[in-house]
Amino acid sequence: MKANFSEFYLKLKRKPDSNKYDYGHVLVIAGSKYMPGAGILCCNAAMRTGAGLVTHAVKSDSLNAVYSLSKPETMYFVYKDADDILKFISERKVSSVVIGPGLEKSEFLYKFVKRIICSIEIPVILDAGAISCLNENFEFLKKSKARIIITPHEGEFAKLLGKTVSYVKENREKLTENFAKENSLICILKGNKTLVSDGKRLYKNNSGTPAMATAGSGDVLSGMTAALYNTCEDLFEISKFAVYIHGLAGEIAEKDKGIGVIASDIIENIPYALRGGNK
């Protein structure tokens, strides 16, 4: 192993008298008519990482596209606005939320994200479209009720901060730590040696491979992170472990697929990574 997560591995062991409700209900708000796969990858990753229940929230115009590609274990919820989502979270005891994969940047999405994270107190992972819609206007993040984990790649982070990608690359650690501290959240800056910070602590990941530079890899990480919430209350530790396992699953996949690794290959190797890399 490239990192010592022995205590976290022990937390994954299940008690004999447990049931699916003991391992969390992940709500994935993701995917669209023309990008249905992003949400599906996120849901599948959450299930392979041990979530007890996973619900995919979609708009009515994308339901058919999403349903035709999904695993039978996934549940569905068709929503119109944030009020629908908030009611579902309350009634169905959702434990963590992912917002963004496959969603298109829009004013609606900006207001939607703001309403959600200012109304609930559970962990919310912001990815892809949910990051892009912020447009340097993210002051409300520090005032949100939700426990936020934001997962930009360097290009998204540069746009979010109003900086160039080269500036972000040159100042990755400082920018990640400062953003997390100033906005009271967990920041996962994806890329080679992915960084995780809560503003006080900084982790540089060493697992992974360039073979993971493929569409959907980030969607997989978001689903994994949401699923692991029920193993530990410390979101920084959860994020560290998710990033490490994500990279390790990619390494295992590369042994079979070489440079032809796709996001689904990473998902199918999550169980082996959760066993410490033994296939």
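Right, let's walk through the structure included here. None of these values were measured; they are calculated from a predicted model.

1. With respect to the overall build of the protein chain
Part 1 of the argument: Each helix and strand counted, the protein chain has 13 helices and nine strands in total.
Part 2 of the argument: Here the protein chain has a C-alpha radius of gyration of 17 Å; the compact-globule value for 279 residues is 19 Å, and the two agree.
Part 3 of the argument: The principal-axis extent of the C-alpha atoms belonging to the protein chain is close to 45 × 45 × 35 Å.
Part 4 of the argument: In the protein chain, which comprises 279 residues, the proportion classed as buried is 56%.

2. Overview of the nonpolar core
A general tendency of soluble globular proteins is for nonpolar side chains to be buried together.
Part 1 of the argument: Counting 49 residues, the largest nonpolar core has Val28, Val220, Phe241, Ile245 and Ile270 as its most contacted members.
Part 2 of the argument: For this core, the secondary-structure elements that each account for two or more residues are α1 (6-11), β1 (25-29), α2 (37-48), β7 (186-189), α10 (217-228), α11 (235-257), α12 (263-268) and α13 (270-273).
Part 3 of the argument: In terms of residues, this core owes the most to one element, α11, which gives 12 residues.
Part 4 of the argument: In terms of nonpolar packing, the next biggest core, distinct from the first, is built from 45 residues, Ile89, Ile99, Ile116 and Leu175 among them.

3. Regarding helix α5 (residues 107-117)
Part 1 of the argument: Listed in full, the buried residues belonging to α5 are Leu109, Tyr110, Phe112, Val113, Ile116 and Ile117. Projected onto a plane normal to the axis of α5, the buried residues spread over an arc of 165° and lie on a single side. Along α5, exposed side chains directed more than 90 degrees from the buried face belong to Glu107 and Lys111.
Part 2 of the argument: Tucked into the core, α5 has its buried residues touching β1, α4 (82-91), β4 (96-99), β5 (123-126), α6 (129-132) and β6 (147-150).

4. What to know about the layout of surface pockets
Part 1 of the argument: In this structure, the largest pocket occupies an estimated 560 Å³ of space.
Part 2 of the argument: Considering the residues around the largest pocket, the lining is formed by 27 residues, among which Lys190, Gly191, Thr194, Met212 and Ser217 are closest to the centre.
Part 3 of the argument: At the level of secondary structure, the elements contributing two or more residues to the lining of the largest pocket comprise α10 and α11.
Part 4 of the argument: Ranked by the residues each element gives to the lining of the largest pocket, the list is headed by α10, at four residues.
Part 5 of the argument: In this structure, the second largest pocket is lined by 16 residues; those nearest its centre are Lys11, Leu12, Lys13, Arg14 and Tyr23.
Part 6 of the argument: Among the secondary structure elements, those contributing two or more residues to the lining of the second largest pocket are α1 and α10.

5. A look at the packing of aromatic side chains
Part 1 of the argument: Scanning the entire structure with this criterion turns up 11 aromatic pairs.
Part 2 of the argument: Each ring, one from phenylalanine 5 and one from phenylalanine 241, has its centre 5.4 Å from the other, and the planes form 70°; the classification is edge-to-face. Note that phenylalanine 5 is positioned in the segment before α1 and phenylalanine 241 in helix α11, a separation of 236 residues in sequence. Of the two residues examined, phenylalanine 5 and phenylalanine 241, each falls in the buried class.
Part 3 of the argument: On the numbers, 5.5 Å between centres and 85° between planes, the contact of phenylalanine 157 with phenylalanine 179 is edge-to-face. Residue phenylalanine 157 is located in helix α7 (residues 154-161), and its partner phenylalanine 179 is located in helix α9 (residues 172-183); the two are separated by 22 residues in the primary sequence. The residues phenylalanine 157 and phenylalanine 179 share a single accessibility class, namely buried.
Part 4 of the argument: Three or more aromatic residues link up through ring pairs in this structure, and these residues are Phe5, Phe8, Tyr203, Phe241 and Tyr244.
Part 5 of the argument: In this arrangement the basic side chain of arginine 14 is found over the ring face of tyrosine 23, its NZ or CZ atom lying 3.7 Å from the centre.

6. Some details on the environment of arginine 172
Part 1 of the argument: Relative to the assigned elements, arginine 172 resides in helix α9.
Part 2 of the argument: Residue arginine 172 is classed as buried on the basis of its relative accessible area of 11%.
Part 3 of the argument: Sequence separation of arginine 172 and glutamate 154 is 18 residues, and the distance between their C-alpha atoms is 8.5 Å.
Part 4 of the argument: Apart from the residues within four sequence positions on either side, arginine 172 is in contact with Glu154, Leu189, Lys190, Gly191, Asn192, Lys193, Thr194 and Leu195.
Part 5 of the argument: Within the structure, arginine 172 has its side chain in polar contact with the side chain of glutamate 154 (distance 2.8 Å).
Part 6 of the argument: For arginine 172, the side chain forms a polar contact with the main-chain oxygen of lysine 193, separated by 3.3 Å.

7. Digging into the sheet that holds strand β9 (residues 202-204)
Pairing between the strands of a sheet is mediated by backbone hydrogen bonds and can be parallel or antiparallel.
Part 1 of the argument: In spatial order, the strands read β3-β2-β1-β4-β5-β6-β7-β8-β9; together these nine strands make up an open sheet with mixed pairing. A single partner strand is all that each edge strand has here, and the edge strands are β3 (75-78) and β9. Recorded for the sheet is a direction-independent mean angle of 15° between the axes of neighbouring strands.
Part 2 of the argument: Of the pairings in the sheet, the one linking β5 to β6 comprises four bridges and is parallel in character. Following the sheet pairing, proline 123 is matched in β6 by arginine 147.
Part 3 of the argument: Across the sheet, α9 is in contact with β6, β7, β8 (195-197) and β9; its angle to β8 comes to roughly 30°.

Calculation notes
- Residues numbered from 1 in each chain as written.
- Predicted model: local features only at pLDDT ≥ 70, side-chain atom pairs only at ≥ 80, totals over all residues.
- Heavy atoms only, no water.
- Helix = DSSP H or I, 4+ residues; strand = E, 2+ residues; numbered from the N terminus.
- Rg over C-alpha atoms; globule rule 2.2 N^0.38 Å.
- Buried < 20%, exposed > 50% of the residue type's maximum accessible area, 1.4 Å probe, protein only.
- Core = buried A, V, L, I, M, F, W, Y, C linked by side-chain atoms within 4.5 Å.
- Arc of directions from axis to C-beta.
- Contact = heavy atoms within 4.5 Å.
- 1 Å grid on protein atoms, 1.4 Å probe; cavity = no way out; pocket = protein on both sides within 12 Å on 5 of 7 lines; lining within 4 Å.
- Points joined across faces, edges and corners; volume = space filled by probe spheres on them.
- Phe/Tyr/Trp six-rings, centres within 6.5 Å; stacked < 30°, edge-to-face > 60°.
- Lys NZ or Arg CZ within 6 Å of the ring centre and 35° of its normal.
- Polar contact = N/O pair within 3.5 Å; in protein donor to acceptor, adjacent residues only side chain to side chain.
- Pairing = 2+ DSSP bridges.
- Axes fitted to C-alpha atoms, helices over the stretch in contact; angles between N-to-C directions.

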